Amino acid sequence: MCVLTGAGISAESGVPTFRGDNGLWKKFRPEELANFEAFIRNPELVWEWYNYRRQLIENVIPNPGHVALAQIEQMVQEFTLVTQNVDDLHRRAGSKRVLELHGNIQRSYCVDCGARDDRPDFTEERKIPRCRTCGGLIRPDVVWFGEMLPQEVFEEADAAARRCDLFLSVGTSSIVYPAASLPMVAKQSGAYVIEVNVERTDLSGRMDQTLIGKAGEILPLLAESMISNRRVQQ
Ligand code: OAD
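These numbers were taken from a predicted model, which means no experiment stands behind them. (Residues numbered from 1 in each chain as written. Predicted model: local features only at pLDDT ≥ 70, side-chain atom pairs only at ≥ 80, totals over all residues. Heavy atoms only, no water.)

We now examine the overall build of the protein chain. In terms of helices and strands, the protein chain carries 10 helices and 8 strands. Each of the three principal axes of the protein chain carries a C-alpha extent, and together these read 60 × 35 × 30 Å. Here the protein chain holds 234 residues, and the buried ones make up 49% of them. The long-range share in the protein chain, meaning contacts at least 24 apart out of those at least 6 apart in sequence, stands at 63%. As presented, the protein chain carries roughly 12,100 Å² of accessible surface, and 49% of it is formed by carbon and sulfur atoms. Averaging the coordinates of the 27 positive side-chain charges in the protein chain and doing the same for the 32 negative ones gives two points 1 Å apart. (Helix = DSSP H or I, 4+ residues; strand = E, 2+ residues; numbered from the N terminus. Buried < 20%, exposed > 50% of the residue type's maximum accessible area, 1.4 Å probe, protein only. Contact = heavy atoms within 4.5 Å. Areas by Shrake-Rupley, 256 points an atom, 1.4 Å probe, with all protein chains shown as cover. Lys, Arg positive; Asp, Glu negative; His and termini not counted. Charge placed at Lys NZ, Arg CZ, Asp CG, Glu CD.)

Written out as structure tokens, the structure is:
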């Protein structure tokens, strides 16, 4: 089994999604905040935005959708959770193996020497953190527009999509590639593909089933039915 999640799974925790009426990209311009040139032009502004999101994420907790996926991982022998989210909520809910396609907002690294520094040094005066090793700029460890996904992570996700017999696509608008290719890769390889979303997406017509509803309500039902099936089998 392979599961792909997007911002919608964290919506019920209070983390805003990117698209839709209340989405982040309605209020903020990705070209000013989520690409490398913008960062070099104005690192202070980009860090201000990421620090705001980091803080928001630190103050929320995983919801029943995240918890259900962690429970399912324990019941299924071969299970891969692939996420586009950078919020770490899957791990905080207990998921063990999480493939993060777009990085993790709690991590950061130096653009010059690559050294990792997850606790960048911010002070009242220092609004742009610098590398403790080489003095280079520290950036958030997230994938920005125009950047490549971490290759090994994507290859693992792609391999899991090709291998699985059931693929769930949860809370994603399915318009950002290559993540959005994974459900179709799974389908072409013979998997049954189910989408869970509060509304239909561009890919709904190509899914085997679209379950319309909140991830935090539908996924716990799926986990519960798997738990009772196991009880019957034992
Ligand atoms: P989007 O904001 O594009 O889409 C969120 C999806 O979640 C929408 O289809 C909503 O209908 C759905 N949704 C909202 N609440 C939900 C709920 N409670 N249960 C189920 N579904 C719900 O987010 P992503 O598809 O994750 O990339 O966006 C993909 C990428 O675009 C992000 O990773 C980010 C963004 O730009 C980068 O930053 C590189």
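All right, on to the sheet that holds strand S6 (residues 166-170) then. A sheet is described by the order of its strands in space; here 6 strands give the open sequence S3-S2-S1-S6-S7-S8, paired in parallel fashion. Of all the strands in the sheet, the pair left with one neighbour each is strand S3 (98-100) and strand S8 (209-212). Between one strand axis and the next, the sheet turns by 20 degrees as a mean value, whatever way the strands run. Here 4 bridges tie strand S1 (residues 2-5) to S6, and the two strands are oriented parallel to one another. By the bridge assignment for S6, Cys2 is matched with Phe167. Packed onto the sheet, helix H8 (residues 151-163) meets S1, strand S2 (80-83), S3 and S6 and runs at close to 125 degrees relative to S3. (Pairing = 2+ DSSP bridges. Axes fitted to C-alpha atoms, helices over the stretch in contact; angles between N-to-C directions.)

Okay, H8 next. Compared with an ideal rise of 1.5 Å per residue, which puts 13 residues at 18 Å, H8 spans 18 Å between its outermost C-alpha atoms and is within 8% of the ideal. All buried positions along H8 are accounted for by Phe154, Ala157, Asp158, Ala160 and Ala161. An end-on view of H8 places all buried positions within 160 degrees of arc, on one side of the element. In H8, those exposed residues whose orientation departs by more than 90 degrees from the buried face are Gln151 and Glu152. As for H8, its buried residues are in contact with S1, S2, S3, S6 and helix H9 (182-188). (Expected span 1.5 Å × (residues − 1). Arc of directions from axis to C-beta.)

A separate point is the site of the ligand. Near the ligand, the surroundings consist of 23 residues, among which Glu12, Arg19, Thr172, Ser173 and Asn197 are the closest. Within the side chain of Arg19, an N or O atom sits 2.6 Å from an oxygen atom of the ligand. Taking Thr172, its side chain carries an N or O atom lying 2.7 Å from an oxygen atom of the ligand. Notes on the ligand: free accessible area 800 Å², of which the protein chains cover 91%. Residues that form the shell around the ligand fall into these classes: 9 nonpolar, 10 polar and 4 charged. (Near = heavy atom within 4 Å. Polar contact = N/O pair within 3.5 Å; in protein donor to acceptor, adjacent residues only side chain to side chain. Nonpolar A, V, L, I, M, F, W, Y, C, P; charged D, E, K, R; others polar.)

Here the focus is the pattern of salt bridges. The final tally for this structure, using the stated rule, is 15 salt bridges. The structure contains a network of salt bridges with shared partners spanning Asp88, Arg91, Glu100, Arg107 and Asp141. (Salt bridge = Lys/Arg side-chain N within 4 Å of Asp/Glu carboxyl O.)

Take the packing of helix H6 (residues 64-75) against helix H10 (residues 215-233) next. Look at H6 against H10: their axes get within 7 Å of each other, and the N-to-C directions meet at 25 degrees. Comparing their axes, H10 and H6 come out roughly parallel. Judged by the twist between their axes, the crossing of H6 over H10 is left-handed. On H10, the residues that touch Pro64, Gly65, Ala68, Leu69, Gln71, Ile72 and Met75 of H6 are Ala215, Gly216, Leu219, Pro220, Leu222, Ala223, Met226, Ile227 and Arg230. Split by residue class, the contact of H6 with H10 holds 12 nonpolar, 3 polar and 1 charged. (Parallel < 35°, antiparallel > 145°, perpendicular 65-115°, else oblique. Left-handed = near helix turned anticlockwise from the far one by under 90°.)

Attention shifts here to the side chain of Ser169. Structurally, Ser169 can be placed in strand S6. Classification of Ser169 by relative accessible area gives buried; the value is 1%. Once residues lying within four places of it in the same chain are set aside, the contact partners of Ser169 are Leu4, Ser174, Pro183, Ile194, Glu195, Val196 and Met207.

Counting across every chain of the model gives 0 disulfides. Of the cysteine sulfurs around Cys110, a residue in no disulfide, the closest is that of Cys134, at 3.6 Å. Cys131 takes part in no disulfide bond, and the closest cysteine sulfur to it belongs to Cys113, at a distance of 3.7 Å. Given the relative accessible area of 8%, Cys131 is considered buried. (Disulfide = S-S within 2.5 Å.)

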